[in-house]
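Close look at the chain arrangement
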Amino acid sequence: MQWEALGFKDDPFRTQPITSYTLDLYTGNKDKLKQAQYALNTSNMVMVIEGDRGVGTTSFANYLRFKAQEKNKYFTPMSEIKVEPYWNADTLMAAVIGNIVRTLELGYPSKIKNNNRFAEAKSIIGRITETFSSFGFSAFGVGCNYGSSGATSQPVVMPTQILAHHIENLVKIVQDLGFKYGVLIQLNNLDVGTVQDEEHLKVLLNVMRDYFQTPGTSWLLVGDTELRRFIAQEIDRLDDIVAFDAEITALSEKEYIELINTRVQYFKAKPQVTLPVDKEVWIYLFRITKGRLRYIFGLLNRLFSALQLGVLIDKISLELAMPVIKRFGEDRIKRHRLSETEEIVLRAVVASKAIQVGDLAKQINKPQTQISTVLGSLLKYRLVHYKQEWRKRIYMPEIDAALAYSDIEQAKKRLED
C-alpha cells in the first residue's frame, strides 16, 4: 500500500499502540484517563488496567506512562514488558532491569556513563544474556500453547533478592535525574486463561507482590477483562496493594470518528487530502467488531491490499467493502476445517451473539455434553470466547466468525436505520 500516492506521509492506521512519539493520536476514555493520572500523583502505585482485546489497554497505559514522564513525575522505559507464558519472577525482573538500562543508556548517556550503580546493573544484563543463550530458545517460551496447562522450564537467572537490589539502585539513579516518584513499569500480556495459565500466573504474581512494593517503583498491570477479578479472587496478597483499577471500554461511535479524523489530519501531507474510504465503511467496521480498533485497522489494511486502493480504485464504498470483508472471515474459518456439528454450533453462537451452553443445546437439539465439547474446540480455534458470570459461561463469537456468517443485506438495513 503506497500511502504517499494517496497524499499521506505514512500509514494512518498502523496497528501498534500509542508510543511516546504519537501521544497526540490518543482518543477516548477521557474520564478514566483523568482519574488514573490523578492516582499517579504518588509513589509505589500498583494499578490494574483491563479491557477486551484490541480496545486500547496498551495505548491507555502507554499514554499514562509517557505523560507522567513528560512532567518528570516518573521515569519509564521506552517499551512495555510483554510477560511471556511461564516466565518466573527472576526472568520478569531481569526484563525490567534490561528495559530500564537500555532506556537510560539511550536517553542519558553522558549523565550515567560514570555511574557505578548503572555499570553494575548493565553487567548483570550481560550475565543474563549469557544464561539465556546457553539455555536455548525454549527459555523464551517458544513453542508454548497459550492457555494450556503444562510447564516450560526456565533458566535460573539469579536470586530475585539480588535483582531487586539492582532495581533499587536504578531507582536512585532516575530520582537523581529529577524524576520525583521513581520508575513506572508496565507489564503486558497478563491475559488470564489465554496468554497466561491461571496457576502459573497466580504463583508469579504472588512472588512479585513483595517486589511491587520496592520503594520508588510503580507498576501498571495490563490484561484482559478477567484480570481484576482473578487478582481479587485468587491473589489476596496482591489484591491488598492494588490502589487503582481501570476498565478500558471500546470508543463510542462519536469518539471513533473523532479518532479517524485525528489520524487523517496527523498523517496527511497536504491540506486538501481526504481519506478514500466512505463513512459507511467505517461505521460498518466499528459495529461488526464492537469497536476493537486493532482489528479494524488490520481489516482496513487487508481491504486496501485486496482492492488495490490507489491502483485499481480511488475510493472504497460499502458495496465494495462488505463482500470482501465477509470473505476474509470465511477464509479464516476454512483453515480450521470444521466438522458439520462444529459449524452448526458456531453459526448458532453468531446468530445468538451471546448464549449459555444449556440454551444452545436446546436451540440446536443436541446433548449439552456434546455442545460443551464442541465449544471447547471452538475456544481452542479462537472462534468463540466466553465471559464468566458467577457460575455461568456466556459464549460469544470472535470477530472472524461474525464476519464469515454475517448477513450483508441485514447489515445494510441496520446501517440505514
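Above: the structure in question.
Description of the structure in this document. What you see is a predicted model; the values in this text were computed from it and never measured.

If you trace the five strands from one edge of the open sheet to the other, you get β2-β3-β4-β1-β5, paired in parallel fashion. If you trace the sheet from one side to the other, it starts and ends with β2 (81-82) and β5 (244-248), each paired once. Alignment of strand β3 (residues 183-188) against strand β4 (residues 217-223), held across five bridges, turns out to be parallel. The residue bridging V183 from the neighbouring strand is T217, located in β4. Packing of helix α2 (residues 57-70) onto the sheet brings it into contact with β1 (46-51), β3, β4 and β5, and relative to β1 it is tilted by some 150 degrees.

The sheet contact formed by strand β6 (residues 384-389) and strand β7 (residues 392-397) spans six bridges and is antiparallel. Within β7, the position partnered with H385 by the bridge is M396. Connecting β6 to the antiparallel partner β7 that follows it, the hairpin turn spans two residues, and W390 within it adopts a positive phi of roughly 55 degrees.

Here the focus is helix α14 (residues 340-352). Taking 1.5 Å per residue, 13 residues should reach 18 Å; α14 reaches 18 Å between its end C-alpha atoms and fits that length. Those residues of α14 that sit buried are E342, V345, L346, A348, V349 and V350. Buried positions along α14 lie against α13 (318-334), α15 (357-364), α16 (368-380), β6, β7 and α17 (399-404). Within two residues after α14, K353 carries a phi angle of roughly 75 degrees, on the positive side.

On to the packing of helix α12 (residues 293-307) against α13, then. What describes two packed helices is the angle between their axes and the distance between those same axes. For the pair α12 and α13, the least separation of the axes is 10 Å and the interaxial angle reads 110 degrees. Judged by the inter-axis angle, α12 sits roughly perpendicular to α13. Here Y295, L299, R302, L303, A306 and L307 of α12 lie close against α13, whose contacting residues are L320, A321, V324, I325, R327, F328 and R332. Of the residues assigned to the contact of α12 with α13, the class counts are 10 nonpolar, no polar and three charged.

Moving on to the packing of aromatic side chains. Applying the stated rule across the entire model yields 15 aromatic pairs. For the pair F13 and W282, a centre-to-centre distance of 5.1 Å together with 55 degrees between the ring planes defines the contact as tilted. Linking F13 in the segment before α1 (30-39) with W282 in helix α11 (residues 279-289), this pair joins segments that are 269 residues apart in sequence. The class of W282 is buried, set by a relative accessible area of 4%. Measuring from ring centre to ring centre gives 5.6 Å for Y74 and Y181, while their planes differ by 45 degrees; the resulting arrangement is tilted. Remark: Y181 occurs in the loop between α6 (160-176) and β3 and Y74 occurs in the loop between α2 and β2; sequence separation between them is 107 residues. Members of the aromatic cluster, connected to one another through ring pairs, are W3, F8, F13, Y256, W282, F286, F297 and F304. In this arrangement the basic side chain of R302 is found over the ring face of F328, its NZ or CZ atom lying 4.2 Å from the centre. The side chain of R393 reaches across the aromatic face of Y386, ending 4.0 Å from its centre.

As a further point, take the environment of K67. Within the secondary structure, K67 sits in helix α2. Once the C-alpha coordinates of K67 and N188 are considered, the two residues, 121 residues apart in sequence, prove to be 18 Å apart. In contact with K67, other than residues within four places in its own chain, are L23 and Q37.

Counting 66 residues, the largest nonpolar core has M47 and Y256 as its most contacted members. If you tally residues by element for this core, the top one is α12, at nine residues. Sequence-distant contacts of M47, that is, excluding residues within four places in its chain, are made with A36, A39, L40, L64, W219, L220, L221 and F244.

In this structure, H200 sits in helix α7 (residues 198-211). In this structure the side chain of H200 is engaged in a polar contact, spanning 2.8 Å, whose partner is the backbone oxygen of W87. What H200 contacts, discounting residues up to four positions off in sequence, is Y86, W87 and N88.

Tracing the sequence through the fold places L259 in helix α10 (residues 253-267). Judged by relative accessible area, L259 falls into the buried class, the value being 4%. Distance from L259 to K82, taken between C-alpha atoms, is 26 Å for residues 177 residues apart in sequence. Those residues in contact with L259, other than ones at most four positions away along the chain, are T27, L251, L293 and F297.

So, on to the pattern of salt bridges. Scanning all chains against the criterion turns up 19 salt bridges. In this structure, R65 and E80 form a salt bridge, with 3.9 Å as the shortest nitrogen-oxygen distance. Here R65, found in helix α2, pairs with E80, found in the loop between α2 and β2; they are 15 residues apart in sequence, far enough to count as distant. Under the relative-accessibility criterion, E80 is labelled buried at 13%.

Quick notes on the rules
Residues numbered from 1 in each chain as written. Predicted model: local features only at pLDDT ≥ 70, side-chain atom pairs only at ≥ 80, totals over all residues. Heavy atoms only, no water. Pairing = 2+ DSSP bridges. Helix = DSSP H or I, 4+ residues; strand = E, 2+ residues; numbered from the N terminus. Contact = heavy atoms within 4.5 Å. Axes fitted to C-alpha atoms, helices over the stretch in contact; angles between N-to-C directions. Expected span 1.5 Å × (residues − 1). Buried < 20%, exposed > 50% of the residue type's maximum accessible area, 1.4 Å probe, protein only. Parallel < 35°, antiparallel > 145°, perpendicular 65-115°, else oblique. Nonpolar A, V, L, I, M, F, W, Y, C, P; charged D, E, K, R; others polar. Phe/Tyr/Trp six-rings, centres within 6.5 Å; stacked < 30°, edge-to-face > 60°. Lys NZ or Arg CZ within 6 Å of the ring centre and 35° of its normal. Core = buried A, V, L, I, M, F, W, Y, C linked by side-chain atoms within 4.5 Å. Polar contact = N/O pair within 3.5 Å; in protein donor to acceptor, adjacent residues only side chain to side chain. Salt bridge = Lys/Arg side-chain N within 4 Å of Asp/Glu carboxyl O.

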